[in-house]
Amino acid sequence: MSITRRRVAVAGIGVPLALAMNGTARATAGRRSRTLYIAGDSTAAQKYADAAPETGWAMALPFLLHRHLTVANHAVNGRSSKSFVDEGRLDPILSSIRPGDLLLIQFAHNDEKAEDPSRYTEPWTTYQEYLRRYVEGARGRGARPVLATAVERRRFDADGRAVPSHGEYPAAMRALAQEERVALLDIQALSLALWQELGAEETKAYFNWTATEQDNTHFNPPGAIAVARLLARELLRTRVLAPRDVRRLDEEIPQSWITWPEAAA
């Protein structure tokens, strides 16, 4: 199955609701069609032709979900849990989300930037307060919130050990998930373990390392596919999704399936 430019556009931010609904209407007969909305940052966001081969993990997620599940990717480069809300980006999600839909929330990379008050949150206070707004907003519309700890950066110490980079944010999200009884996908722990298994050199093939750039935060197609696979497996393990909702969890996903549309003018 190859993903067409039309389907990539549906998964991207700013897609007219009518297009998403048309895609939903073509879902497998006899199954309740649902939408998985994603609120997050550049590690998940749709990338365009001028950024290739940089790839957000949400660009690969549709390949691991059956067609009755539509991915609506609202993740945006550079946003934190705070700035995403303050810029009004949660509002269109809550305006279109329906009972039975899912809202997957992953932030921390930019919440950590203490030098930028427009984005910074403190893990045990404002970070949790903003995350609650997503959780309560989804629940208030009959949708299910899902929290995902932030995917890890590529960092290794001198002894070749993968090093965590998100401070107290993953722990704060774990505590909030338990308190609010929200499903938690611990992608921070799982990605850290994966980078450790691969090692310092092999992980370069998963991040946006090119002849001109050594990016240890953002992914290329193999990395995006690997992280999307972690997400899909966790969605299944936590019973957010059922076995009928996922596919290809142990199959190779060709890199050629990833495409980068031209950015809108």
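**Here's the deal with the confidence of the model for the protein**
A low pLDDT means the predicted coordinates there should not be read in detail.
Working step 1: For the protein, the average pLDDT comes to 90, and 88% of its residues sit at 70 or higher.
Working step 2: Confidence drops under a pLDDT of 50 for residues 1-30, and excluding neighbours within four residues, the segment shows 49 contacts in the predicted structure.

**A short note on the pattern of salt bridges**
Working step 1: Going through the model one piece at a time under the given rule, you end up with 17 salt bridges.
Working step 2: Two residues, glutamate 179 and arginine 132, come together in a salt bridge whose shortest N-O distance is 2.9 Å. Note that glutamate 179 is positioned in helix H7 (residues 169-180) and arginine 132 in helix H6 (residues 123-140), a separation of 47 residues in sequence.
Working step 3: The residue arginine 161 makes a salt bridge to aspartate 159 at a minimum N-O spacing of 3.3 Å.
Working step 4: The exposure class assigned to aspartate 159 is exposed, which follows from its relative accessible area of 60%.
Working step 5: What emerges from the salt-bridge pattern is a single network uniting Arg132, Arg139, Glu179 and Glu180.

**A closer look at unusual backbone geometry**
Glycine aside, residues mostly have negative phi, and peptide bonds are mostly found in the trans state.
Working step 1: The omega angle of the peptide bond from alanine 52 to proline 53 is 10 degrees, so this bond is cis rather than trans.
Working step 2: The phi angle at arginine 239 is positive, at roughly 65 degrees, despite the residue not being glycine.
Working step 3: Inspection of the secondary structure puts arginine 239 in the segment after helix H9 (221-237).
Working step 4: A relative accessible area of 72% places arginine 239 in the exposed class.

**Observations regarding the nonpolar core**
Working step 1: Ile38, Trp57, Leu61, Leu104, Trp195 and Leu231 are the most contacted members of the largest nonpolar core, which has 47 residues in total.
Working step 2: Elements with a contribution of two residues or more to this core: strand E1 (34-40), helix H3 (57-60), strand E2 (69-73), strand E3 (102-106), strand E4 (144-148), strand E5 (183-185), helix H8 (187-202) and H9.
Working step 3: In terms of residue count, H9 provides more of this core than any other element does, 9 residues in total.
Working step 4: In contact with isoleucine 38, not counting residues within four places along its chain, are Ala44, Trp57, Ala58, Leu61, Val71, Ala72, Asn73, His74, Ala75, Ile93 and Leu104.
Working step 5: Core analysis: the second largest hydrophobic core is formed by 30 residues, Ala39, Ile97, Ala143 and Leu147 among them.

**Focus on the packing of H6 against H7**
Working step 1: Viewed as axis vectors pointing N to C, H6 and H7 meet at an angle of 45 degrees, and their least axial separation amounts to 10 Å. For the element pair H6 / H7, the angle class is oblique. Considering the relative orientation of H6 and H7, their crossing is right-handed. Across the interface between the two elements, Pro123, Trp124, Tyr127, Gln128, Leu131, Arg132 and Arg139 of H6 pack against Tyr169, Ala171, Ala172, Met173, Ala175, Leu176, Glu179 and Glu180 of H7.
Working step 2: Taken together, the residues of the contact of H6 with H7 break down into 10 nonpolar, 1 polar and 4 charged.

**Section: the packing of H8 against H9**
For any two helices packed against each other, the geometry is given by the interaxial angle and the distance between the axes.
Working step 1: Remark: H8 packs on H9, axes separated minimally by 10 Å, with the N-to-C direction vectors making an angle of 135 degrees. When the axes of H8 and H9 are compared, the pair comes out oblique. Crossing geometry of H8 relative to H9 is assigned as right-handed. Contacts between H8 and H9 involve Ile187, Leu190, Ser191, Leu194 and Trp195 from the first element and Ala226, Val227, Leu230, Leu231 and Glu234 from the second.
Working step 2: Residue composition of the contact of H8 with H9, grouped by class: 8 nonpolar, 1 polar and 1 charged.

Definitions and cut-offs
- Residues numbered from 1 in each chain as written.
- Predicted model: local features only at pLDDT ≥ 70, side-chain atom pairs only at ≥ 80, totals over all residues.
- Heavy atoms only, no water.
- pLDDT = per-residue confidence, 0-100.
- Contact = heavy atoms within 4.5 Å.
- Salt bridge = Lys/Arg side-chain N within 4 Å of Asp/Glu carboxyl O.
- Helix = DSSP H or I, 4+ residues; strand = E, 2+ residues; numbered from the N terminus.
- Buried < 20%, exposed > 50% of the residue type's maximum accessible area, 1.4 Å probe, protein only.
- Core = buried A, V, L, I, M, F, W, Y, C linked by side-chain atoms within 4.5 Å.
- Axes fitted to C-alpha atoms, helices over the stretch in contact; angles between N-to-C directions.
- Parallel < 35°, antiparallel > 145°, perpendicular 65-115°, else oblique.
- Left-handed = near helix turned anticlockwise from the far one by under 90°.
- Nonpolar A, V, L, I, M, F, W, Y, C, P; charged D, E, K, R; others polar.

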